[in-house]
Amino acid sequence: MAKQFDVIVIGGGPGGYIAAIRAAQLGFNTACVDEWKNDKGGPAPGGTCTNVGCIPSKALLQSSEHFEHAGKHFADHGIEVKGLTLQLDKMLARKDTVVKQNNDGILFLFKKNKVTFFHGRASFAKAAEGGYEIKVTGAAEEAITGKHIIVATGSNARALPGVPFDEESILSNDGALRIQGVPKKLGLIGSGVIGLEMGSVWRRLGSEVTVLEALPTFLGAVDEQIAREAKKAFDKQGLKIELGVKVGEIKKGKKGVSVAWTNAKGEAQKLDVDKLIVSIGRVPNTVGLDPEAVGLKLDERGAILVDDQCRTNLPNVWAVGDVVRGPMLAHKAEEEAVAVAERIAGQHGHVNFNTIPWVIYTSPEIAWVGQTEQQLKAAGVKYKAGTFPFMANGRARALGDTTGMVKFLADAATDEILGVHIVGPMASELISEAVVAMEFRASSEDIARICHAHPSLSEATKEAALAVDKRTLNF
Ligand code: NAI
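None of the values given here were measured: they were computed from a predicted structure.

Reading the values: the criteria
Residues numbered from 1 in each chain as written. Predicted model: local features only at pLDDT ≥ 70, side-chain atom pairs only at ≥ 80, totals over all residues. Heavy atoms only, no water. Near = heavy atom within 4 Å. Polar contact = N/O pair within 3.5 Å; in protein donor to acceptor, adjacent residues only side chain to side chain. Areas by Shrake-Rupley, 256 points an atom, 1.4 Å probe, with all protein chains shown as cover. Helix = DSSP H or I, 4+ residues; strand = E, 2+ residues; numbered from the N terminus. Domains from an automatic or database assignment. Axes fitted to C-alpha atoms, helices over the stretch in contact; angles between N-to-C directions. Parallel < 35°, antiparallel > 145°, perpendicular 65-115°, else oblique. Left-handed = near helix turned anticlockwise from the far one by under 90°. Contact = heavy atoms within 4.5 Å. Nonpolar A, V, L, I, M, F, W, Y, C, P; charged D, E, K, R; others polar. Phe/Tyr/Trp six-rings, centres within 6.5 Å; stacked < 30°, edge-to-face > 60°. Buried < 20%, exposed > 50% of the residue type's maximum accessible area, 1.4 Å probe, protein only. Salt bridge = Lys/Arg side-chain N within 4 Å of Asp/Glu carboxyl O. Buried area = accessible area lost by both parts, 1.4 Å probe. Core = buried A, V, L, I, M, F, W, Y, C linked by side-chain atoms within 4.5 Å.

### As for the site of the ligand
Part 1: By nearness alone, 22 residues border the ligand, and Ile194, Glu197, Glu213, Gly281 and Val359 come closest of all.
Part 2: A distance of 3.0 Å is found between a nitrogen atom of the ligand and a side-chain nitrogen or oxygen belonging to Glu197.
Part 3: Contact distances for the ligand include 2.9 Å between an oxygen atom and a backbone N or O atom of Gly281.
Part 4: If the ligand stood free it would expose 850 Å²; the protein chains cover 76% of that surface.
Part 5: Residue assignment for the shell around the ligand shows that the elements contributing at least two residues are helix H6 (193-204) and strand E18 (358-360).
Part 6: Broken down by element, the residue count for the shell around the ligand peaks at four residues, all from H6.
Part 7: Built from parts of two domains, the shell around the ligand gets at least three residues from each of domain 2 (170-280) and domain 3 (355-468).

This is the structure in structure tokens:
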């Protein structure tokens, strides 16, 4: 007889493993099925984020930043480094260790919370009495049944039509994290989040990086003023970003890749690179899930169709994270996961899409929450803006990192914070204060009146809030 569970979670990424843990915490007999393998064939739960996304990219960003500091900035601090060398194999091995620590951490959390883990691929078999039968194939081969199913199968990198990833010279986010020698010339198609993060890593390690972006504007989703500031910094670092391009034929040669492209003026160009990273977005992953076996509906993009509560068209089948609508962000998946587990338990799980923070881990980092100035203008909302540059922040000067600013947007009449945008040092950490403030529907004056530690980067947040009322103290 098939093993029976209250909740079966398909996928062990940030959406899946968090859903499983929360469901188990709420007293459900829970299973999680995940097929990701490490290089020894063992389980590697954590999905794209842990294995080939957020975690390894941040490990490499940190390492490459140290390398750049040692080579270019230590001297400013009176530290002389002689004979600086890069041991890329060691850097990559460290990244792999960080990934493994996270994989093992998730397996430990499953044990701690009594989640039954199956290492294999799950697919829908049929509707069964009181729920659904799920077929597990791979290291574990069996049929299990669950009263509730949560699908959290994530997304895959989108390839250019007719140019499949070979992960040797044409790379997705996966191959981009495993390049074995620093490419002399690196090409990137798409100046989105992955393109900029990966471009930053390899530029710091010594690659000459060219980014080809189809859109005429740089980082269209980011507040325009912040995007301009970021672009200035990237230009200064020597990251070549070509906007408004049309990518043509891509040819793989013995030594590298040749990309034919047309610039914004319509002139034909050619880019020869050793490696090409294609980062033009991601597609929802339902490969091997067999949604047809139970009549689970997908939308025209191949995402699982859900309502605002993550309910699919089938009773007691839920879906969260990259495989459904909304931003493809690990923390969005986690929030949906917790909310779904709580809804299954009859509670009122809730996700506030307006307070989901965004972070791009480049140097300088870019982070924001809420509305951009261009969105407010388009919606006809009357607002006040306040900015404060890190140049005028004592801690930033001491750090030697004064690029960028904090920007507040508040309602003109009520002063409620509508958006906060940061480009600069530790933007990824600083944005949390803004998320808390917006979640509590704070006004910019609330932040301006809160005591912030001195000297700290967070004082720039307070000063930007003061700037909304045109009364900065340090600028
Ligand atoms: P993206 O959607 O961020 O950017 C793709 C870029 O490629 C866009 O600017 C688009 O205009 C451009 N593009 C599309 N087709 C093109 C073409 N044929 N030629 C030239 N340019 C083209 O996608 P990306 O960077 O692949 O990231 C995928 C997802 O992963 C995103 O949804 C992102 O949210 C998520 N992610 C988030 C991270 C974070 O939060 N720090 C880090 C990495 C990824």
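### Section: the packing of helix H1 (residues 14-25) against helix H8 (residues 330-344)
Part 1: Two numbers describe how H1 lies on H8: the axes approach to 8 Å, and their chain directions differ by 30 degrees. Relative to H8, the element H1 is oriented roughly parallel. H1 and H8 meet at a crossing whose hand is right-handed. Counted together, Pro14, Gly15, Ile18, Ala19, Arg22 and Ala23 of H1 and Ala330, Ala333, Glu334, Ala337, Val338, Ala341 and Glu342 of H8 form the full contact between these two elements.
Part 2: Looking at the contact of H1 with H8 residue by residue, the class counts come to nine nonpolar, one polar and three charged.

### What about the packing of aromatic side chains?
Part 1: This model, assessed by the stated rule, comprises six aromatic pairs.
Part 2: Ring centres of Phe110 and Phe117 lie 5.6 Å apart, and the angle between their planes is 25 degrees; this geometry places the pair in the stacked category.
Part 3: On the accessibility criterion, Phe110 (1% relative accessible area) is buried.

### Here's the deal with the pattern of salt bridges
Part 1: Per the stated rule, a full pass over the model turns up 25 salt bridges.
Part 2: For Asp104, the salt bridge is made with Lys100, and the minimal N-O distance between the two is 2.8 Å. With Asp104 and Lys100 both in helix H4 (residues 88-112), this residue pair falls four residues apart, about one helical turn.
Part 3: With a relative accessible area of 43%, Lys100 lands in the partly exposed category.
Part 4: Across the pair Asp174 and Arg178 runs a salt bridge, and its minimum N-O distance is 3.1 Å.
Part 5: Among the residues examined, Asp174 registers a relative accessible area of 22% and is labelled partly exposed.
Part 6: Relative accessible area serves as the criterion here: at 40%, Arg178 is assigned to the partly exposed category.

### Focus on the domain arrangement of the protein chain
Part 1: For the protein chain, the assigned domains are domain 1 (3-156 + 283-351), domain 2 (170-280) and domain 3 (355-468).
Part 2: Relative placement of domain 1 and domain 3: their C-alpha centres are 31 Å apart.
Part 3: Interface area, domain 1 with domain 3, both sides summed: about 630 Å², of which 76% is carbon and sulfur.
Part 4: Ranking the residues of domain 1 by area buried against domain 3 places Lys58, Leu329 and His331 at the top, with a combined share of 46%.
Part 5: At the junction of domain 1 with domain 3, the criterion picks out zero salt bridges.
Part 6: Inspection of the region where domain 1 meets domain 3 yields one residue pair in polar contact (both at pLDDT 80 or more).
Part 7: Counting residues per element, the side of domain 1 that touches domain 3 draws most heavily on helix H3 (residues 54-73), which supplies three residues.

### Examining the nonpolar core
Part 1: Within the largest apolar cluster, 34 residues are counted, with the highest numbers of intra-cluster contacts made by Leu219, Val222, Phe234 and Ile366.
Part 2: At the level of elements, H3, H4, strand E9 (185-189), H6, strand E10 (208-212), helix H7 (224-237) and strand E19 (365-370) are the ones that each hand at least two residues to this core.

### As for the packing of H3 against H6
Part 1: Orientation of H3 relative to H6, taken along the N-to-C sense of each, is 35 degrees, at an axis distance of 8 Å. In this structure, the crossing between H3 and H6 has a hand that is left-handed. Together, Ser57, Lys58, Leu60, Leu61, Ser64, Glu65, Phe67, Glu68 and Lys72 of H3 and Glu197, Met198, Ser200, Val201, Arg203 and Arg204 of H6 make up the contact between the two elements.
Part 2: Across the contact of H3 with H6, the residue classes tally to five nonpolar, three polar and seven charged.

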